[in-house]
Amino acid sequence: QVQLVESGGGLVQPGGSLRLSCVASGSIFSINTMGWYRHAPGSQRELVARITSGGTTTYDDSVKGRFTISRDNAKNTVYLQMNSLTPEDTAVYYCSATITNISRSTTTYWGQGTQVTVSS
């Protein structure tokens, strides 16, 4: 069994910052790419940022220069530092990770989602 648990969402004013965290736990052999997606009402789920096991990062154009993804491999944790938030960033944010378990089976797992609301 593998689980992803997110934390750090909430309500913030425009221009503010939030830091999301996602911890992977369970029968993990290795973690490959980890990422953050978001789903706003009336829109499709979209990639926000992802980071490979080697530290290579990819960002959606809408968050470049404002968001930073990082990971702590020793803690099986991925972070998303979000600065200069705007109302357009309001969405449910989901953590994703491609994980090889101890049986050497590789699967993409998803967290339960955490709400981020940017409003004055």
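These lines cover the structure that appears in this document, whether it is placed above or below.

Conventions used here
- Every residue gets a number counted from 1 within its own chain, in the order that chain's sequence is written.
- Owing to the predicted nature of the model, reporting of local features is limited to residues with pLDDT of at least 70; listing and counting of side-chain atom pairs is limited to 80 or more, with chain, interface and lining totals taken over all residues.
- In computing side-chain values, all of the structure's heavy atoms are included and hydrogens and water are not.
- Here a Phe, Tyr or Trp ring, Trp counted by its six-membered ring, pairs with any other such ring whose centre lies within 6.5 Å, and the pair is stacked when the planes are under 30 degrees apart, edge-to-face when over 60, and tilted otherwise.
- Only when the NZ atom of a Lys or the CZ atom of an Arg is both within 6 Å of the ring centre and within 35 degrees of the ring normal do we say a charge sits over the ring.
- A pair of strands is considered paired only if DSSP assigns at least 2 bridges between the two.
- Labels follow the DSSP assignment, with helices taken as runs of H or I lasting at least four residues and strands as runs of E lasting at least two, numbered in each case from the N terminus.
- Angles here are taken between N-to-C directions and fall from 0 to 180 degrees, while the axes themselves are lines fitted to C-alpha atoms, restricted in helices to the stretch in contact.

## With respect to the packing of aromatic side chains
Inspection of every chain in the model, using the stated rule, returns one aromatic pair. The residue whose ring lies beneath Arg45 is Tyr94, and the NZ or CZ to ring-centre distance is 4.0 Å. Seen from the ring of Trp110, Arg45 lies directly overhead, with NZ or CZ sitting 4.7 Å from the centre.

## Structural notes on the sheet that holds strand E3 (residues 18-26)
A sheet is described by the order of its strands in space; here four strands give the open sequence E1-E3-E8-E7, paired in antiparallel fashion. Strand pairing shows two members of the sheet lacking a second neighbour, strand E1 (2-7) and strand E7 (67-72), which therefore form its edges. Within the sheet, the average angular offset between the axes of one strand and its neighbour, ignoring direction, is 15°.

## Notes on the pairing of E3
Examined bridge by bridge, E1 and E3 share six bridges and lie antiparallel to one another. From the neighbouring strand, Leu4 faces E3, where its bridge partner is Ala24. The pairing of E3 with strand E8 (residues 77-82) spans six bridges and is classified as antiparallel. Looking across to E8, one finds that Leu20 is bridged to Leu80.

Function-wise, these values are silent; they only describe arrangement.
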